[in-house]
Amino acid sequence: MDEQLPFGIPDSWVWCRMCDIVDYGENESVSSYSIPDNSIIIELENIEKNTGRIIGFSKKSSNDNSSRHVFKKGCVLYSKLRPYLNKVVIPDMGGYCSTEIMVLYPKQEVSLEYLQLFLMSPYFIDYAMSKSYGTKMPRLGTKDARKAMVPIPPTEEQQRIVHKVKNLIGSILKLDVI
């Protein structure tokens, strides 16, 4: 097992596979015909790259005939298509999304915010890209995503990490250097 560990972690942390902390790939899918009118639909273009923000959403269209994944508040939405775009969000509402977006509900003591930060980390982006298939539109396959190694700190440490990252991002945004 040690040869499979990507890097060292503190003794109080544990390594888990993605499949141990979320039901990756086991999304509830529905036909667009069964989606109520005016339902919120999140497409890939509604997720801003690298920021973890939803920048809009769509409403059900009468000529839409594609399948969608169902999501509820309390999940992380992860775009498996073109992982380098780093489109990972925590929605504050329920709705429907593209089937290129995985709906992830933590199984264990993993906070949504920590899971989001992990999925947006350079380590995971590199992993996802190394396992992606397809040249023009690379995507992370379910089997490889489920095998990904995830470092899990204790709950309090997850909260501390999330708080520190949010403070750093806030400080960076205040710099207004662009």
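Since we're looking at a predicted model, the values are computed, not measured.

The subject of this paragraph is the nonpolar core. If you look at the biggest cluster of nonpolar residues, it comprises 28 residues, and the most contacted ones within it are Met18, Ile21, Tyr24, Tyr78, Leu104, Leu119 and Phe124. Residue assignment for this core shows that the elements contributing at least two residues are helix 1 (18-21), strand 6 (76-79), strand 9 (101-104), helix 2 (112-120), helix 3 (122-131), strand 10 (149-152) and helix 5 (155-175). No other element matches helix 2, which puts six residues into this core. In this structure, isoleucine 21 is in contact with Cys16, Tyr105, Pro106, Lys107, Gln108, Val110, Leu115, Val150 and Ile152, ignoring residues within four places of it in sequence. Ile47, Phe71, Leu81 and Met93 belong to the second largest nonpolar core, which has 13 residues in total.

If you walk across this open sheet you meet the three strands as 7-6-9, and the pairing is antiparallel. Lying at the two open borders of the sheet, with one neighbouring strand each, are strand 7 (88-89) and strand 9. The pairing of strand 6 with strand 7 spans two bridges and is antiparallel. Bridge pairing in strand 7 places leucine 77 opposite valine 89.

Let us now look at the pairing of strand 10. What you see with strand 10 is no split at all: Met149 and Pro151 on one side and Val150 and Ile152 on the other are buried throughout. Where strand 1 (residues 14-17) and strand 10 come together, four bridges link them in antiparallel fashion. What sits directly across from cysteine 16, in strand 10, is valine 150.

Take the packing of helix 2 against helix 5 next. The N-to-C vectors of helix 2 and helix 5 enclose an angle of 65 degrees; their axes lie 9 Å apart at closest approach. The two elements helix 2 and helix 5 meet at a crossing, and its hand is left-handed. Between helix 2, through Glu113, Tyr114 and Leu117, and helix 5, the contact on the second element is made entirely by Gln158, Ile161, Val162, Val165 and Lys166. Of the residues that constitute the contact of helix 2 with helix 5, the class distribution is five nonpolar, one polar and two charged.

Ordered by their spatial adjacency, five strands build an open sheet running 2-5-8-3-4, and the pairing between neighbours is mixed. Each edge of the open sheet carries a strand with a single partner, namely strand 2 (29-31) and strand 4 (58-59). Relative to strand 8 (residues 95-97), strand 3 (residues 40-42) runs parallel, the two being bridged by two bridges. Across the sheet, the residue bridging to isoleucine 41 is tyrosine 96, located in strand 8.

Conventions and cut-offs
Residues numbered from 1 in each chain as written. Predicted model: local features only at pLDDT ≥ 70, side-chain atom pairs only at ≥ 80, totals over all residues. Heavy atoms only, no water. Core = buried A, V, L, I, M, F, W, Y, C linked by side-chain atoms within 4.5 Å. Buried < 20%, exposed > 50% of the residue type's maximum accessible area, 1.4 Å probe, protein only. Helix = DSSP H or I, 4+ residues; strand = E, 2+ residues; numbered from the N terminus. Contact = heavy atoms within 4.5 Å. Pairing = 2+ DSSP bridges. Axes fitted to C-alpha atoms, helices over the stretch in contact; angles between N-to-C directions. Left-handed = near helix turned anticlockwise from the far one by under 90°. Nonpolar A, V, L, I, M, F, W, Y, C, P; charged D, E, K, R; others polar.

No statement about biological role is implied by the geometric values presented.
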